[in-house]
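The primary structure of each chain is shown beneath.
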Amino acid sequence: MQVKTLKLREETIYKQDPVIEVEKQIHTEVQLKNYGKFLEEYTSQLKAIEEALDDSIGDVWDFTLDPIALKLLPYEQSSLLELIKTENKVLNKVITVYAALCSEVKKLKYEVFFFFFLSQMAVSDTSVVEGECQVQMGRFISFLQELSCFVSRCFEVVVNVVHQLAALYNSNKGATKIIESSGVHFQTVYEHLGELLVVLITLDEIMENHATLRDHWKMYKRLLKSVHHNPSKFAIPEEKLKPFEKLLLKLEGQLLDSMIFQACVDQRFDNPAEGVSVSKNSAFAEEFAQNIRTIFANVESKLGEPAEIDQRDKYAGVCGLFVLHFHIFRTVDKKLYKALLDVCKKVPAVTLTANIIWFSDTFLINKVPAAAKMMDKKSLQAIRTSRDTFLQQKAQTLTKDVQSYYVFVSSWMMKMEAILSKEQRTDKLSEDLSNRCNVFVQGILYAYSISTIIKTTMNLYMSMQRPMTKTSVKALCRLVELLKAVQHTFHRRSLVVADSVSHITQQLQSQALTSISTAKKRVISDKKYSEQRLDVLSALVLAENILNGPSTRERRLVLSLALSVGTQMKTFKDEELLPLQLVLKKLDLISELRERVKVQCDCSFLYWHRAIFPIYLDDVYENAVDAARIHYMFSALRDSVPTMLHAKHMESCEQLLECYDKEIIDVFNEHLLDKLCKEIEKDLRLSVHTHLKLDDRNPFKVGLKDLAHFFSLKPIRFFNRFIDIKAYVTHYLDKTFYNLTTVALHDWATYSEMRNLATQRYGLVMTEAHLPSQTLEQGLDVLEIMRNIHVFVSRYLYNLNNQIFIEKTSNNKHLNTINIRHIANSIRTHGTGIMNTTVNFTYQFLRKKFYIFSQFMYDEHIKSRLIKDIRFFRETKDQSDQKYPFERAEKFNRGIRKLGITPDGQSYLDQFRQLISQIGNAMGYVRMIRSGGLHCCSSAIRFVPDLEDIVNFEELVKEEGLSEETQKAASLLDSVLSDLTSNSAEGTEYFKMLVGVFAPEFRSVKNMHLRNFYMIVPPLTVNFVEHSISCKEKLNKKNKNGAAFTDDGFAMGVAYILKLLDQYQEFDSLHWFQAVREKYMKEMNAVVKEQNVQATSQDEKLMQTMNLTQKRLDVYLQEFELLYFSLSSARIFFRADKTAAEETQEKKDREDVAKADAASSEASVSTESSAK
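Residues numbered from 1 in each chain as written. Predicted model: local features only at pLDDT ≥ 70, side-chain atom pairs only at ≥ 80, totals over all residues. Heavy atoms only, no water.

- As annotated in an unreviewed UniProt entry, the chain carries the name WASH complex subunit 4 and comes from Pygocentrus nattereri.

What follows is the structure, encoded as structure tokens:
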């Protein structure tokens, strides 16, 4: 009860308090908002998942990404004997024979294309050294043997077809008739025979145009001759050579002489042993000629028309049949011959396969010379000139053709998308299927027309060796794109097309059945009985049976043969027969839709026209707006791959593929990617530096090219790779910006701005460089100094105590300085490896300077004065208290001035002093590099807690059993820590190295003139002090040109050279600085005395002069003292306390001690082992 009352009280309190109510309301609203937000996000996620899994998205197949393809071609599981079943057994046999022969022809045609055409043509583009040619030809022999067997098989099939037709159409009255053949015309059989003859013609043309194959064959035969002369050398038994040579001769005669077709038509077709007479069979001759004329009439009417599909191939077959007819019966139909030749004006050439082009006029003239003689020479010449005319007209009309086909194909693609996206209505199903059928057929027609234009034009230009204009090339490339666009459209809608094809074939079969059923009723209604009528009825029944099944190639073949019999005796009315023929043509096209599209859109011929690719890429680059079309061109280039996969002459076809891949990619990089990268970089630079007004970028004057279109492209598939233009350019810019930032770190802001601009303008996601940012103390870069060390040492002054370099003069209001921190930062940027390189550069610089130094010391004026001074000092040192007289040094300094001065007022001694200062500056720079290196290492190692006790990370990682990558990382960390520890503990003795490398040469006998150097130091110091005082005085003047407060490079240089010459003792023997001090103290004391004397006279002017004199002497003494201190400090670096002999002795002592220690340790080990 108490709990309940408490709750009630709380509720009443809450209800009564308005503040609490408001708070509750606010919290509720916040929670509702959050929940609404969550629901919105969740809904969008679900929508994205739904779209990804939606059927409508899945309907569109991507040509470049699909791992599987849909094959629509139906295949026949029943044999021909099972298919051809009627009550009329004779008719069954006739149709079975012809169907079997036609099927054999189709198989041979398929085999020749996939195994022989491709293999032969894959050879034609290889250029190799002679030894490799013979090896390739050796691999190719087995293929030629297979081809020889194939050709023999073709010959047998041709003979068999002719014999079977001759048996049916027999003019011998005594022979029994198989069936009544007067009204039967097996046009299909003749068409198939023509196709087989075209195969042989194609093989001839390939051999004729295959110069590489013939050249390699000759080389191979030469090799065989050398083997024949010396078989033991090649380890080949002689008994095997002769059969092999016979085989080669047979192959050459049968295949390589381009006489395959001729050998076929020259065969003996009459076979009296089997009772087959062909050449004398007038009925067969007439039937043969009749069928040729019929086929030609059908072909000629369609040639060059929009509805043309395979008429050109049939035309080649007609020409082959005509030549075969001539060789069998030796009669010529002049009218037909002329008509065949006249077609050449309309069709200048026929592309048989890939780049193999065939001229029908040449073929007919060569193969039927008797008829050619009767022809007018002018008309023959006109046919030849028509090719040139065709090319000229085509060059002019190509652009218009492209524009019109562009419109046609675009509208067709829109129709395809519209009609296939639309849902099928049950009430309008028949109409919808008819529309779809018409759209599919229209696509094939467009593909055929475009393919014909491209192949004929390109191959004609190549065959006739005529130059092609860039405009023509661009137009042809556009047509290639349209061709692939047709194929891609069919592929994108593969699922819907597959579904439609099966329905359309059923509809067409239904229409054909209706037509045949009407004719059949008409035949049955006629009660007159005859064998011929029975044959017709049986044929129609067979046609009906065939149509009640899948639309396979075998069934359509049998249907065609059955209708050849079934259409005689006016079974069908004219208005019925034409629609039936149209339906059957459509059935043929729709049943083989995918295969026909693939064949017509195949661009493997581009392999032989690769020269157009660079021009195409230049065009794409110039017209970036429609850059997406490049996908179609790469798809066309991929069509060449199957050809190369059949290469028989290479050890592995991968070699051929790699060469092709590399060639295309190199061209693509050169003509598009690299140009694009450079242009983008240039655009970014000019945009960032617009304030400099570097170039006129007015788009109205120079034009505007929007290259951003290239970055919206999907990755291009080629071979086993994807070429991502966006990624390529991004990588190029990242790499360029990074490399250039490392070279000039102060430009980091500019490149950062360019990165941002690339993201905004082109949508490129750039990577940040993450380079160590340049500090304000970075100063002049080590690399910069190293490369220009000769400039650096002449423009900068060294301060020994502070280890700092100060710029002499500058055009700016401030002077640059370089200290240890600057050097350390530089070393951190470039790595410690830069230190050794810098010392190496310094060594090269010192070599040049010491050459000038040696020349100066060798000069007669200098050498003679120095020798004189040395002699003078030796003679008078006892009188001068072992001190070199100051007056002598001053006299030397003034005497050198008399030898001549430079235009800017410098004596030779001034220049010599500058040389020594520069050498000293170089040594100072080396010292600073060492100090900077130690500073860098110590700052890097500062995070290690105890340098004496560093754990081994690799061992720890192994103990924990971590991955191999982690172990490698730990090992690298250990090596880095080890390097840093050793580097921070001890720096390299660079001074010792630079002394050691020059000292032997300086102290050698051939450089005796350098031994006088110690004597020139006093006059040099006098010269230096005068120069130093004048520089310091300029500091207080308005014009500070030449002002300086330090130049310890001179002291470093003198100390270094004295060490090289081992002359510290000789210089110390002069007691020079003591003599200077005594001289100035003496003069100062004299001035003080004079001041004391003159103090009583109170001559102010004299007193002022005396004060100035004292001040001047004080300044000079102070300057000499500073020089003395600097020189003493510099000498410490070069161990001035020891002579060369003492250093050598010390080194020897150290080596002796080391040997003794080693010996004692060995002795202790041996005593321990013996004790054990």
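Structure shown, so let's carry the discussion forward.
## Looking at the sheet that holds strand S6 (residues 804-807)
Alright, step 1. The strand order across the open sheet formed by three strands is S5-S6-S7, and the pairing between neighbours is antiparallel. Taken across any chain shown, the strands that pair with only one partner, and hence form the sheet edges, are strand S5 (796-799) and strand S7 (817-818).
Alright, step 2. Pairing analysis gives two bridges linking S6 to S7, with the strands arranged antiparallel. If you follow Phe805 over to S7, its bridge partner there is Ile818.
Alright, step 3. Sitting on the sheet, helix H37 (residues 908-941) is in contact with S5, S6 and S7, with an inclination near 130° to S6. (Pairing = 2+ DSSP bridges. Helix = DSSP H or I, 4+ residues; strand = E, 2+ residues; numbered from the N terminus. Contact = heavy atoms within 4.5 Å. Axes fitted to C-alpha atoms, helices over the stretch in contact; angles between N-to-C directions.)

## Some thoughts on helix H41 (residues 1013-1033)
Alright, step 1. With 21 residues, H41 extends 30 Å between its outermost C-alpha atoms, agreeing within 8% with the 30 Å of an ideal straight helix rising 1.5 Å per residue.
Alright, step 2. Along H41, the helix axis deviates most sharply at Pro1019, where the bend reaches about 30°.
Alright, step 3. Where burial is concerned, most of H41 is hidden: 16 out of the 21 residues are buried. (Expected span 1.5 Å × (residues − 1). Bend = angle between axes of the 7 residues up to and from the residue. Buried < 20%, exposed > 50% of the residue type's maximum accessible area, 1.4 Å probe, protein only.)

## Points about the environment of Tyr843
Alright, step 1. By the secondary structure assignment, Tyr843 is in helix H34 (residues 833-858).
Alright, step 2. A C-alpha to C-alpha distance of 9.0 Å links Tyr843 and Val997, two positions 154 residues apart in sequence.

## Let's talk about the packing of helix H20 (residues 531-547) against helix H21 (residues 553-566)
Alright, step 1. With their axes 8 Å apart at the nearest point, H20 and H21 run at an angle of 155° to one another. In terms of axis orientation, H20 runs roughly antiparallel to H21. In the crossing of H20 with H21, the sense of the turn from one axis to the other is left-handed. Note on element contacts: H21 touches H20 through Arg555, Val558, Leu559, Ala562, Leu563, Val565 and Gly566, opposite Asp535, Val536, Ala539, Leu540, Leu542, Ala543, Asn545, Ile546 and Leu547.
Alright, step 2. In the contact of H20 with H21, the residues fall into 12 nonpolar, two polar and two charged. (Parallel < 35°, antiparallel > 145°, perpendicular 65-115°, else oblique. Left-handed = near helix turned anticlockwise from the far one by under 90°. Nonpolar A, V, L, I, M, F, W, Y, C, P; charged D, E, K, R; others polar.)

## A look at a positive patch on the surface
Alright, step 1. On the surface, a cluster of positive charge is made up of Lys868, Arg871, Lys891, Arg894 and Lys898.
Alright, step 2. Among the secondary structure elements, those contributing two or more residues to the positive patch are helix H35 (860-876) and helix H36 (886-898).
Alright, step 3. The dominant element in the positive patch, judged by the number of residues it contributes, is H36, at three residues.
Alright, step 4. Tracing the backbone shows Lys898 in helix H36.
Alright, step 5. Accessibility expressed as a relative area gives 74% for Lys898, which makes it exposed. (Patch = residues over 30% accessible without salt bridge, like charges linked within 9 Å, V, L, I, M, F, W, Y side chains within 5 Å. Areas by Shrake-Rupley, 256 points an atom, 1.4 Å probe, with all protein chains shown as cover. Salt bridge = Lys/Arg side-chain N within 4 Å of Asp/Glu carboxyl O. Lys, Arg positive; Asp, Glu negative; His and termini not counted. Charge placed at Lys NZ, Arg CZ, Asp CG, Glu CD.)

## Re the pattern of salt bridges
Alright, step 1. Tallied over the entire structure, the rule returns 42 salt bridges.
Alright, step 2. With a shortest N-O distance of 3.6 Å, Lys109 and Glu195 are connected by a salt bridge. Residue Lys109 is found in helix H5 (residues 89-123), and its partner Glu195 is found in helix H7 (residues 187-209); the two are separated by 86 residues along the sequence.
Alright, step 3. Of the residues examined, Lys109 reaches a relative accessible area of 35% and is grouped as partly exposed.
Alright, step 4. Two residues, Asp1068 and Arg1131, come together in a salt bridge whose shortest N-O distance is 2.8 Å. Of this pair, Asp1068 sits in helix H43 (residues 1064-1068) while Arg1131 sits in helix H45 (residues 1100-1133), and the two are 63 residues apart along the sequence.
Alright, step 5. Judged by relative accessible area, which is 35%, Asp1068 ranks as partly exposed.
Alright, step 6. Exposure remark for Arg1131: the relative accessible area of 14% places this residue in the buried category.
Alright, step 7. Three or more residues joined by partner-sharing salt bridges are found here, namely Arg478, Glu481, Asp619, Asp626 and Arg629.

## Some words on the packing of aromatic side chains
Alright, step 1. This structure, assessed with the given rule, holds 53 aromatic pairs.
Alright, step 2. Taken together, a centroid distance of 5.2 Å and an interplanar angle of 85° make the contact between Tyr607 and Trp608 edge-to-face. Both residues of the pair, Tyr607 and Trp608, belong to the buried class.
Alright, step 3. One aromatic cluster in this structure is built from Tyr843, Phe850, Phe853, Phe856, Phe912, Phe991, Phe998, Phe1002, Phe1013, Tyr1056, Phe1133 and Phe1134.
Alright, step 4. The aromatic ring of Tyr858 is capped on one face by Lys863, whose charged end is 4.3 Å from the ring centroid.
Alright, step 5. Just above the ring of Tyr1080 sits the side chain of Lys1079; from NZ or CZ to the centre is 4.5 Å. (Phe/Tyr/Trp six-rings, centres within 6.5 Å; stacked < 30°, edge-to-face > 60°. Lys NZ or Arg CZ within 6 Å of the ring centre and 35° of its normal.)

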